[in-house]
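Residue-level structure breakdown
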Amino acid sequence: MSDLSTTALDWPVLRDAWADCARTTLGAATILDLPPLDDLEDIESAFDATAEVLLLDEEGVDLPIGGVGDVSDAVARARMGQVLEAETLRFVGSTLVALRRLEETCDANASRAPTLATLGSGIIVDDFLAVQLQDAFDESGRLSSATYPQLATLRASIQSLHEQVRSTLDTMVHGDDMSDLLQDRFWTVRDNRYVLPVKAHAKRWDLGIVHDTSGSGRTVFIEPTAVVVLNNKLRVAEGQLAAEEHRILAQLSVAVGGAADGIEASVAAAITLDLAVARATLATRLEATRPKVGEDGVVKLSAARHPVLVLRAIDVVANHLALDTGRPVLVISGPNAGGKTVALKTIGLCAMLVRHGCFIPAAEGSRVDRFDTIEAVIGDQQTIEGDLSSFSAHLVTLGRLVTDAGPGTLLLLDEIASGTDPSQGAALASALLEHYAAVGARVVVTTHFAPLKARAKIDDRFAVAAMQYVDGRPTYRVLADTTGESHAFGIARRMGIPESIVSRADALLGEGERRLRETLEALEAEKARAQVAADEAEQLRGELELERHKLSQKQSAIEARAKSLEKEGAKVFLDKLKKAEKAIAGVVADLQRAPDHRRAKAARASVKALGALVPPALPEGQASEVLTVGDQVRVKGVGRVGIVRKISGSTVSVEASGMVVRAKLRDLERVGPAPRQPPPLRPKLPAASAAAPRTELDEAVRYPGNTLDLRGKRVEEGLEACETFFDSTLSSGRSLVFVLHGHGTGAMKTGVRGWLRGCPYVDAWAPAHANQGGDAFTVVRLKHVG
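Structural notes, computed from the coordinates. (Residues numbered from 1 in each chain as written. Predicted model: local features only at pLDDT ≥ 70, side-chain atom pairs only at ≥ 80, totals over all residues. Heavy atoms only, no water.)

In terms of helices and strands, the protein chain carries 23 helices and 22 strands. Buried residues in the protein chain amount to 42% of all 786 residues. In the protein chain, 69% of the contacts between residues at least 6 apart in sequence involve partners at least 24 apart. (Helix = DSSP H or I, 4+ residues; strand = E, 2+ residues; numbered from the N terminus. Buried < 20%, exposed > 50% of the residue type's maximum accessible area, 1.4 Å probe, protein only. Contact = heavy atoms within 4.5 Å.)

What follows is the structure, given as structure tokens:
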């Protein structure tokens, strides 16, 4: 597909929107450079992966892709033997952890998402390296003293030397011996050496080593003789620390270089998964469906909408558009600004989406076959450099297509052969379209030429459609098997051309032509009104049929559930009744063996207690659901699925989306047993460190104004949003806020809480209590400056 064609169809706009749906920068960059898929099998595989992402999303399973970073440069450098910086190694480590979690999520859901599991199997992480890189650094990003005790020893020695030097200098600064020589009573650092600011004339008194002079020349910065030895020891110790840190970083870099092939392959697999997630997100934004795809050049779009207009939140009129082997040419006519080009572009963009493995904004059951070549000739192609007029450039393109077009080609020709004498242009257009059809191409063409509109009457290969025009205005609806008038005078009036000029133009038409135009427009208006009525009737019939089907399904489900609950309730009742009967029989037998008043009284109490074993009859229309702790249930009328955590009589505590809610037993529907938990990391990766001690954080009240929702964002986007939110909160005088990161795979939660530990805005933070929303939230107390 030529650059002119992609630009004419607005494909770059749609591609950029798709790239914005990616969770990683690598995924977005890949989409921007992604070539079309060549094989039908690859397209179907991309569709399968997209459908599985949407299925998992409905079940609350999120693929944790956001934590996978672009480590390609770091891995390449490590492979060449370079020593990576601490920050770079930490980044590689966090990416390995994210890759492992992504692979485990795919594996844990393999039964429901086999395509994603296959893609995820390409992720092969060296668990030992992942743990080694995680353990190597502390929360501040330094090499960990706990992991490397030799660093702790060197750092303690350095700290001790710093304290000795500062103590000595404090004594000199605040003592009387040098009070007349000091320019100011403080010590500072020059060239990594501790110095004192001394008056310039005193530098001749051999007080120590001069390291610097002030701009005015009145102050010299002298390292006193008393601390020279200590400063030297400090420099030596710092050199030893730097050498040891470099040795450790080099060792870790060698390990990364050794695992380079596996890391690169794993990141490539993660990018493929990110493309699937981006396709699913785009499908959601477009309200798109999975089309049927073949190799026969068939296009059968039901209720199709222009995807770029959908992304712009415009209320798009859905249309039915079709091409097939029997009628490979579709001629669309109608007024300017009536929607002809939008319909043409809709077909082209749907074909492009299919070539890139994406769902299309059309109704279920639509079909768009794979086309090898998609060419769009839309708009003015005039070039000054090529010395071509608009019409000449148009003909050059059409001539090239005479040679290039064939089976597997989709041609989208807007206003074909316009810009010249209408009769000659129509004849030339007819000849070109006949050729394109003869060589097996599929063609969609817009036109005002009457001979082209009439082709369907004499050539079975041509189908016609018109843009509906009702009461002097376009409806943007495509009417199949009909032709449309241009309505030039009506459009001129709507565009502000003075009535006097429009009336003069009407008068300049011949009487016969004017009457023919008026008759055709009247017939078209009448047909349009009839079509509107038919469409409304069909829409109403469809809505009623859909509603009847829904009611039928609900009734069947209710009846089936009632029978099931009745059987379960009856079984429980009979079991308890049998137990009670057996126990009462034992009491009676005991009483018969030794009858007396005391035993009779005891027997009554026993029978009364055993009566409690028999459940009371339920009110009509209710049934007791047999549930156990850990079961998955759905709250009726809400649809949310959760886990049973506690059962107290007829009240059940259900955990859903990080919150615990209480519901009546009759309002719950058992979905299945407790879900299988994903396997732990192999080996177990280090957990996040404990949060700050809880104070008034426990008493904080959450409301929309103090809560930031990060769900659906990548980690880096979430952290930027936190910083902006904290800024605005501090400026408003508030200090307690909540961050909603959700559960998901934990990538956003881990990223946010890790960032909070080093954030200068934050005074304290902690996971939210259950009554505050649970661990899906983090409550934060901000510092107030000044």
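Moving on from the model shown.
Right, let's get into the packing of aromatic side chains. Per the stated rule, a full pass over the model turns up 4 aromatic pairs. Plain terms: the ring middles of Phe47 and Phe359 are 5.5 Å apart, the flat faces sit at 70 degrees to each other, and that makes the pair edge-to-face. Note that Phe47 is positioned in helix α4 (residues 40-58) and Phe359 in the loop between α13 (340-355) and β8 (367-368), a separation of 312 residues in sequence. Like Phe47, the residue Phe359 is buried in the burial classification. Members of the aromatic cluster, each reached through a chain of ring pairs, are Phe725, Phe726 and Trp755. (Phe/Tyr/Trp six-rings, centres within 6.5 Å; stacked < 30°, edge-to-face > 60°.)

Right, let's talk about the sheet that holds strand β20 (residues 736-740) for a bit. Pairing between the strands of a sheet is mediated by backbone hydrogen bonds and can be parallel or antiparallel. As summarised here, the arrangement of the 4 strands in space is β19-β20-β22-β21, forming an open sheet in which the pairing is mixed. Because the sheet does not close on itself, it has two edges, and the strands there are β19 (707-709) and β21 (762-767). Between one strand axis and the next, the sheet turns by 20 degrees as a mean value, whatever way the strands run. Sheet topology note: the β19/β20 ladder contains 3 bridges and is parallel. Residue Leu708 lies in a different strand from β20, and its bridge partner there is Val739. This element, helix α22 (residues 715-731), spans β19, β20, β21 and β22 (777-782) of the sheet and lies at about 160 degrees to β20. Across the sheet, helix α23 (residues 747-758) lies against β20, β21 and β22, angled at about 150 degrees from β21, the strand it touches most. (Pairing = 2+ DSSP bridges. Axes fitted to C-alpha atoms, helices over the stretch in contact; angles between N-to-C directions.)

Before going further, it helps to examine a positive patch on the surface. On the surface, a cluster of positive charge is made up of Lys646, Arg662, Lys664 and Arg666. Positionally, Arg662 belongs in strand β17 (residues 659-664). Here Arg662 falls in the exposed class, since its relative accessible area comes to 70%. (Patch = residues over 30% accessible without salt bridge, like charges linked within 9 Å, V, L, I, M, F, W, Y side chains within 5 Å. Areas by Shrake-Rupley, 256 points an atom, 1.4 Å probe, with all protein chains shown as cover. Salt bridge = Lys/Arg side-chain N within 4 Å of Asp/Glu carboxyl O. Lys, Arg positive; Asp, Glu negative; His and termini not counted. Charge placed at Lys NZ, Arg CZ, Asp CG, Glu CD.)

Our next topic: the environment of Ala441. Note that Ala441 resides in the loop between α15 (422-438) and β11 (442-446). By relative accessible area, Ala441 is classed as buried at 0%. Along the backbone, Ala441 and Gly297 are 144 residues apart, and their C-alpha atoms lie at a distance of 8.1 Å. The contacts of Ala441, once residues within four sequence positions are left out, are Pro328, Ala405, Gly406, Pro407, Thr409, Leu411 and Tyr436.

Core analysis: the largest hydrophobic core is formed by 67 residues, its most contacted members being Leu96, Leu116, Leu143, Leu252, Val256 and Ile263. Filtering out sequence-adjacent residues up to four positions away, Leu143 remains in contact with Ala136, Phe137, Asp138, Tyr148, Leu151, Arg155, Glu245, Ile248, Leu249 and Leu252. Ranked by size, the runner-up nonpolar core spans 57 residues in total, among them Phe47, Ala278, Val316 and Ala463. (Core = buried A, V, L, I, M, F, W, Y, C linked by side-chain atoms within 4.5 Å.)

Bringing unusual backbone geometry into the picture now. The backbone of Glu415 shows a phi angle near 50 degrees, a positive value even though the residue is not glycine. Inspection of the secondary structure puts Glu415 in the loop between β10 (409-413) and α15. We note that Ala417 has phi near 55 degrees; this positive angle belongs to a residue other than glycine. Turning to its location among the elements, Ala417 is positioned in the loop between β10 and α15.

In total, this model carries 36 salt bridges according to the counting rule given. Taking the shortest distance from any N to any O, the salt bridge between Glu295 and Arg370 comes out at 3.3 Å. Placement of the pair is Glu295 in the loop between α11 (260-286) and β5 (299-304) and Arg370 in the loop between β8 and β9 (373-377), with a sequence separation of 75 residues. Among the salt bridges present, the one from Asp404 reaches Arg400, with a minimum N-O distance of 3.4 Å. Here Arg400 and Asp404 lie together in helix α14 (residues 390-404), a separation of 4 residues that amounts to about one turn. Taken together, the salt bridges that share partners define one network made up of Glu434, Arg455, Asp459 and Arg461.

Spatially, the 3 strands line up as an open sheet ordered β6-β5-β8, and their pairing is antiparallel. Edge strands, defined here as strands with exactly one partner in the open sheet, are β6 (319-323) and β8. Pairing of β5 with β8, which is carried by 2 bridges, proceeds in the antiparallel orientation. Bridged to Lys300 within β8 is Arg367.

What follows deals with the side chain of Arg781. With respect to the helices and strands, the residue Arg781 is situated in strand β22. At 2.8 Å, the side chain of Arg781 and the side chain of Asp763 are in polar contact. (Polar contact = N/O pair within 3.5 Å; in protein donor to acceptor, adjacent residues only side chain to side chain.)

Overall, the coordinates contain 0 disulfides when judged by the stated rule. Of all cysteine sulfurs in the structure, the one in Cys722 sits closest to Cys759, which takes part in no disulfide; the separation is 8.3 Å. (Disulfide = S-S within 2.5 Å.)

It is worth spelling out the pairing of β11 at this point. Of all 5 residues in β11, 5 are buried, a share of seventy percent or more. Side chains Arg442, Val444 and Thr446 of β11 all project onto a buried face; the interleaved residues Val443 and Val445 project onto the opposite face, where all are buried too. Note: β10 against β11, 4 bridges, orientation parallel. The residue bridging Leu412 from the neighbouring strand is Val444, located in β11. In this view, the connection linking β10 to its parallel neighbour β11 by way of α15 has right-handed handedness. (Right-handed = clockwise from strand over helix to strand, strands pointing away.)

Turning next to the packing of helix α9 (residues 149-174) against helix α10 (residues 225-258). Put simply, α9 and α10 touch, their axes get as near as 9 Å, and they point 160 degrees apart. Regarding the angle of α9 to α10, the classification is roughly antiparallel. Note that α9 runs across α10; the crossing there is left-handed. Of the residues in the contact of α9 with α10, the class split is 13 nonpolar, 6 polar and 6 charged. (Parallel < 35°, antiparallel > 145°, perpendicular 65-115°, else oblique. Left-handed = near helix turned anticlockwise from the far one by under 90°. Nonpolar A, V, L, I, M, F, W, Y, C, P; charged D, E, K, R; others polar.)

This part takes up the pairing of β22. Across the 6 residues that make up β22, a large majority, 6, are buried. Alternating residues of β22 divide into Phe777, Val779 and Arg781 and Thr778, Val780 and Leu782, and every residue in both groups is buried. The pairing of β20 with β22 spans 5 bridges and is classified as antiparallel. Residue pairing across strands places Leu736 opposite Arg781, the latter belonging to β22. Direction of pairing for β21 relative to β22: antiparallel, over a ladder of 5 bridges. The residue bridging Ala766 from the neighbouring strand is Val779, located in β22.

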